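Chains, contacts and geometry: an overview
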Amino acid sequence: MQKESAVARPSAHLDADTLRQMYWIMLLSRRTDERAWVLHRQGKIAFHISAMGHEACQVGMAFAIQRGVDYVNPYYRDLALVMALGVTPAQFMVSLFGKVGEYSSGGRQMPSHFGYRPANIISGSAPVATQVPQAAGLAFAIKYRQQMGLVDANDATQPRLALTCLGEGSTSQGEWHEGMNWAGVHKLPFICMVQNNEYAISVPIEAQMAVSNVADRAAAYGVTGVVVDGNDVLAVYDVAKAAVERAYTGGGATLIEAKTYRLTPHSSDDDDRTYRSREEVETWKKKDPILRFQNYLLENSIMTQAELDDADARAKSIVDAAQAEAESTPYPAPEFALGAVYAEEN
Ligand SMILES: Cc1ncc(C[n+]2csc(CCOP(=O)(O)OP(=O)(O)O)c2C)c(N)n1
Ligand SMILES: [Mg+2]
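So, here's what we can say about the structure. (Residues numbered from 1 in each chain as written. Chains lettered and ligands numbered in written order. Predicted model: local features only at pLDDT ≥ 70, side-chain atom pairs only at ≥ 80, totals over all residues.)

So, about the site of ligand 1. Near ligand 1, the surroundings consist of 16 residues, among which Pro 127, Gly 167, Gly 169, Ser 170 and Ala 200 are the closest. Mapped onto the shell around ligand 1, the elements with two or more residues apiece are strand E2 (162-167) and strand E4 (199-200). Of the residues in the shell around ligand 1, the class split is seven nonpolar, seven polar and two charged. (Near = placed C-beta within 6 Å. Helix = DSSP H or I, 4+ residues; strand = E, 2+ residues; numbered from the N terminus. Nonpolar A, V, L, I, M, F, W, Y, C, P; charged D, E, K, R; others polar.)

Put into structure tokens, the structure is as follows:
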């Protein structure tokens, strides 16, 4: 019985090194994220928006795609996702400070408007959900190029799918419906992952939608819909892997709804005490995806407590060095702001 379910779960085939890498990205993202809050409260940076609590959704998803090759149109909460694709704490820190050499847009966008050409991370705009039709368009281009014989559909060095992410509140935007419909009509190699953390800033999910799950709407677009526990990195990996196989083999688009919770206020400008109880937040802290994965790694003898402690110390020293580097980097000249956000001449 156990064996059968293990075979059905792609995560059962992940080797110990990959599991440790997944944990490492989740941890590094968390420690970078925590430091960003401190820097904000010290008055050193202007703004931060956090991935804390969402690390399992993002890392489980990232490890299922061809990282650095497939197209990714992230949203502002995707710090762990972009770190899994190669963005470093040092790069993110320079971004937070808006200093010279900022990796994403030359510092011309706000931090967390992730874009990174070397990893095929497409720069997005501040209006929520605008990344969805852009990703669906990329998925259309992938399919078109394959059908025209311009690329081989099995060539793993070429993008074979487009992944986009957004929050559940943003699915109220017209752009989301348009992108989903396009992906369904054209049976595109497209994955939309909704990270459902129950709130759109202060607005609870009941005020956004009249159905229980975002994924219930998948049928209306003719795409596969799936709900997953977004705090379980391996469960996310399993559904993500199935969605990736579907995309790579002509099976069309998938809407993944990962149920999770943000452990922080919406952003550094928000005070969540005005709209949710401390008890609710404390309950979710007990379900922290990082603690949960730690327990799994310990119970399955993949990491020892000493190795977990060592990873933590390493993450903290990397974040220390990243902060020091960003602080000692100069600000760009004001006129530099007039240049391009994503074009190569950056
Ligand atoms: C079109 C548009 N309306 C409003 C905003 C302001 N805004 C930024 S994030 C956000 C909440 C989005 O919530 P959700 O989609 O659930 O994502 P979460 O932040 O919870 O991850 C809002 C309203 C915006 N950026 N764009
Ligand atoms: Mg939300």
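Within E2, six of the six residues are buried, which leaves it mostly tucked inside the rest of the structure. Burial of E2 is two-sided: the residues Ala 162, Thr 164 and Leu 166 facing one way and the residues Leu 163, Cys 165 and Gly 167 facing the other way are all buried. With three bridges joining them, strand E1 (residues 71-73) and E2 adopt parallel strand pairing. Bridging across to E2, Val 72 finds its partner in Leu 163. Relative to strand E3 (residues 190-196), E2 is paired through six bridges, and the arrangement is parallel. Directly across from Ala 162, in E3, lies its bridge partner Phe 190. After leaving E2, the chain enters helix H7 (residues 174-185) and then returns to the sheet as E3, a path that is right-handed. (Buried ≥ 20, exposed ≤ 12 C-beta atoms within 10 Å, placed from the backbone. Pairing = 2+ DSSP bridges. Right-handed = clockwise from strand over helix to strand, strands pointing away.)

Relative orientation of the contacting elements helix H3 (residues 55-62) and helix H9 (residues 233-248) amounts to 40°, with a least axis distance of 8 Å. In terms of orientation, H3 and H9 fall into the oblique class. Of the two elements, H3 crosses H9, and the hand of that crossing is right-handed. Between H3 and H9, the residues in contact are Ala 56, Cys 57, Val 59, Gly 60 and Met 61 and Val 233, Leu 234, Val 236, Tyr 237 and Ala 240, respectively. Looking at the contact of H3 with H9 residue by residue, the classes come out as nine nonpolar, one polar and no charged. (Axes fitted to C-alpha atoms, helices over the stretch in contact; angles between N-to-C directions. Parallel < 35°, antiparallel > 145°, perpendicular 65-115°, else oblique. Left-handed = near helix turned anticlockwise from the far one by under 90°. Contact = placed C-beta atoms within 7 Å.)

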